[in-house]
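# Understanding the architecture of this molecule
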Amino acid sequence: MTQESPVVLVAGSANVDFVVRAPHIPAPGETVLGGAFQTFAGGKGANQAVACARAGGVATHMLLALGEDAFAAPIEASLQSAGVTMHVRRPEGVATGSAFICVDDQAENAITVAPGANACLQDADLPALLGFSHLLMQLEIPLASVHAYALAAKASGLRVVLNAAPAQALPIDLLSAVDVLVVNEGELRTMAGMEGSVAECLARLPCPTVVVTLGARGCVARDGGTYVVQTGFAVQAVDTTGAGDTFCGALVAALAHAQPLTEAMRRASAAAALACTKMGAQSSVPTTQAVTDFLAQTSTHDDSHALADLRQYAGLT
Ligand code: RIB
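First, a word on what this report is: a plain description of the structure on this page.

Our next topic: the overall build of the protein. Broken down by element type, the protein carries ten helices and 13 strands. The C-alpha atoms of the protein give a radius of gyration of 18 Å, which matches the 20 Å a tight globule of 317 residues would have. Dimensions of the protein along its principal axes, counting C-alpha atoms only, are 55 × 50 × 40 Å. The contacts in the protein between residues at least 6 apart in sequence include a share of 66% that link residues at least 24 apart. Computing the positive centroid from 15 side-chain charges and the negative centroid from 27, the protein places the two 5 Å apart.

The next point concerns the site of the ligand. What surrounds the ligand is a group of 13 residues, the closest being Asp17, Gly43, Lys44, Glu140 and Asp245. At a separation of 2.9 Å, an oxygen atom of the ligand approaches a polar backbone atom of Gly43. Separating an oxygen atom of the ligand from a side-chain N or O atom of Asp245 is a distance of 2.7 Å. Surface burial for the ligand is 96%, taken as the share of its 280 Å² of free accessible area covered by protein chains. Looking at the shell around the ligand, the elements that each hand over two or more residues are strand E2 (15–21), helix H1 (44–54) and strand E7 (109–114).

In terms of residue burial, strand E12 (residues 218–223) counts as a mostly covered element, since five of its six residues are buried. Note that strand E11 (residues 209–213) and E12 share five bridges and pair antiparallel. When the sheet's bridge partners are listed, Val212 is paired in E12 with Val220. Hairpin geometry of E11 and E12 is characterised by an intervening segment of four residues between the two adjacent antiparallel strands and by a positive phi of about 60 degrees at Gly215. Bridging between E12 and strand E13 (residues 226–231) involves six bridges; their strand directions are antiparallel.

For the pair H1 and helix H2 (residues 72–82), interaxial distance at closest approach is 9 Å and the crossing angle is 20 degrees. Relative to H2, the element H1 lies roughly parallel. Helix-helix and strand crossings are classified by hand; for H1 and H2 the assignment is left-handed. Side by side, H1 and H2 meet where Ala46, Ala49, Val50, Ala53 and Arg54 of the first sit next to Ser78, Leu79 and Ala82 of the second.

Applying the stated criterion to the full structure yields four aromatic pairs. Ring geometry for Phe18 and Phe100: centres 5.2 Å apart, planes at 10 degrees, overall stacked. Taken together, the positions of Phe18 in strand E2 and Phe100 in strand E6 (residues 97–103) put the pair 82 residues apart, joining distant regions of the chain. Ring pairs connect the aromatic residues Phe18, Phe37, Phe71 and Phe100, which therefore count as one cluster. Sitting over the face of the ring of Tyr313, Arg217 holds its NZ or CZ atom 3.6 Å from the ring centroid.

Turning next to H1. A large share of H1 lies buried, amounting to ten of its eleven residues. For H1, the full list of buried residues reads Lys44, Gly45, Ala46, Asn47, Gln48, Ala49, Val50, Ala51, Cys52 and Ala53. Gly56 sits one or two positions beyond H1 and adopts a positive phi of about 85 degrees.

Here we come to the packing of H1 against helix H7 (residues 243–256). Where H1 contacts H7, the two axes come as close as 7 Å, and the packing angle between them is 45 degrees. By the angle class used here, H1 and H7 are oblique. Considering how the two elements wind past one another, H1 and H7 form a crossing that is right-handed. Side by side, H1 and H7 meet where Lys44, Asn47, Gln48, Ala51 and Cys52 of the first sit next to Asp245, Thr246, Cys248, Gly249, Ala250 and Ala253 of the second. When the residues that make up the contact of H1 with H7 are grouped by side-chain class, the tally is five nonpolar, four polar and two charged.

So, about helix H3 (residues 143–155). An ideal rise of 1.5 Å per residue puts 18 Å on 13 residues; H3 measures up with 18 Å between its terminal C-alpha atoms. Residues Ser145, Val146, His147, Tyr149, Ala150 and Ala153 constitute the buried set of H3. Where the residues of H3 are buried, they touch strand E1 (7–11), strand E4 (59–65), strand E8 (134–137), strand E9 (159–163) and helix H4 (172–175). Looking one or two places after H3, you find Gly157, whose phi comes out positive at around 85 degrees.

Definitions and cut-offs
- Note on numbering: residues in each chain are counted from 1, in written sequence order.
- Residues qualify for local features only when their pLDDT is at least 70, as the model is predicted, and side-chain atom pairs are given and counted only at 80 or more; totals for whole chains, interfaces and linings, by contrast, use all residues.
- By convention in this description, side-chain values take in all heavy atoms of the structure and omit both hydrogens and water.
- Secondary structure elements are defined from DSSP: runs of H or I of at least 4 residues count as helices, runs of E of at least 2 residues count as strands, and each element is numbered from the N terminus.
- Each radius of gyration is computed over the set of C-alpha atoms, and the globule rule expresses the reference value as 2.2 Å times the number of residues to the power 0.38.
- The contact criterion used is simple: two residues touch if any of their non-hydrogen atoms lie within 4.5 Å.
- Positive charges come from Lys and Arg alone, negative charges from Asp and Glu alone, with His and the N- and C-terminal ends not counted.
- Lysine's charge is taken at NZ, arginine's at CZ, aspartate's at CG and glutamate's at CD.
- Working definition: residue near molecule or strand if any one of its non-hydrogen atoms lies within 4 Å of it.
- Between N or O atoms, a polar contact is any pair within 3.5 Å; within protein, one atom must be a potential hydrogen donor and the other a potential acceptor, and residues adjacent in sequence are included only when both atoms are from side chains.
- We get accessible surface area from the Shrake-Rupley algorithm with a probe of 1.4 Å; when it comes to residues, only the shown protein chains can shield them.
- Type-normalised accessible area, obtained with a 1.4 Å probe on protein chains alone, sets the label of each residue: buried when under 20%, exposed when over 50%, and partly exposed for intermediate values.
- When DSSP finds at least two bridges between two strands, those strands are taken to pair.
- A fitted line through C-alpha atoms represents every axis, and for helices the fit uses only the stretch in contact; the resulting angles, taken between N-to-C directions, go from 0 to 180 degrees.
- Oblique is the label for any angle not covered by the other classes, which are roughly parallel (under 35 degrees), roughly antiparallel (over 145) and roughly perpendicular (65 to 115).
- Crossings are classed by handedness, with left-handed meaning an anticlockwise turn of the near helix from the far one by less than a right angle and right-handed meaning a clockwise turn.
- Stacked, edge-to-face and tilted are the three classes for Phe, Tyr and Trp ring pairs, Trp counted by its six-membered ring, which pair at centre distances within 6.5 Å; planes under 30 degrees apart are stacked, over 60 edge-to-face, the rest tilted.
- Each ring is checked for a lysine NZ or an arginine CZ that lies within 6 Å of its centre and within 35 degrees of its normal; such an atom marks a charge sitting over the ring.
- Here the term charged refers only to Asp, Glu, Lys and Arg, the term nonpolar to Ala, Val, Leu, Ile, Met, Phe, Trp, Tyr, Cys and Pro, and the term polar to all other amino acids, Gly among them.
- Helix span is expected to be 1.5 Å times the residue number reduced by one.

Shape is all these values report; function is a separate question.
Written out as structure tokens, the structure reads:
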């Protein structure tokens, strides 16, 4: 592969998202009457691939698995319209992955995933890695495949970025192959295996760079021995689904462009904030122009109070 722009490979899940809004997310045993029912292209892997491609200047490829059913087409259409080059495995007799999502009036969600074809991605499905600069993965495909892809990518000189979502315990030699680990706060605590402060948990993880997203507060990274803090951007959130994925895709696109981590986290945070202002996952991922315009118009919480609050929340003061 000979291309001028950096080339990122995303290996991961693709789902059709079945979404209903409701006043609140039902508790166990409870039935809640919701509003209109919608479907969107989703899946953490595909969402991140779309976010990476829309961030601009990065050629984005995706390894995914789809069923031979009607749900595959809208996912392929979404990836194609974002400019993602697809490497598709189509296992016979298996449904496309699906996710059942309830979004409440505070824009928060609860998600149940039926993995379907995503569970069929195998070691042998990994395309040739020549020409790729970064491999971006999540944990909605078999852990054994994530593990094998990470080791192969590391051996081929790629930078490996893992969004450890949904969280699970990971083998140490997988974590050792990860250059940049991205987690939310709950995932951070699961991975660190402790209930300490964000800073204490970040220090427990062996990856060279660990980024934790903290919702509207912003995000914090431990990069080697130093910490990077980015406060959040205020938006009118309607649906937070896919915001974390947008962050990951935009972050990797910026890193593939050799932008410093501080700038990568700033753009990723802005993209994630914008993603919360629309319904759906891939449907809400902003273009790079939208992010640039937003950053030009919007004041961040980067005032001294918000920054001090975030540092204190993270246990950095
Ligand atoms: O992170 C959001 C995504 O999680 C949804 O699009 C859903 O498909 C699940 O994978």
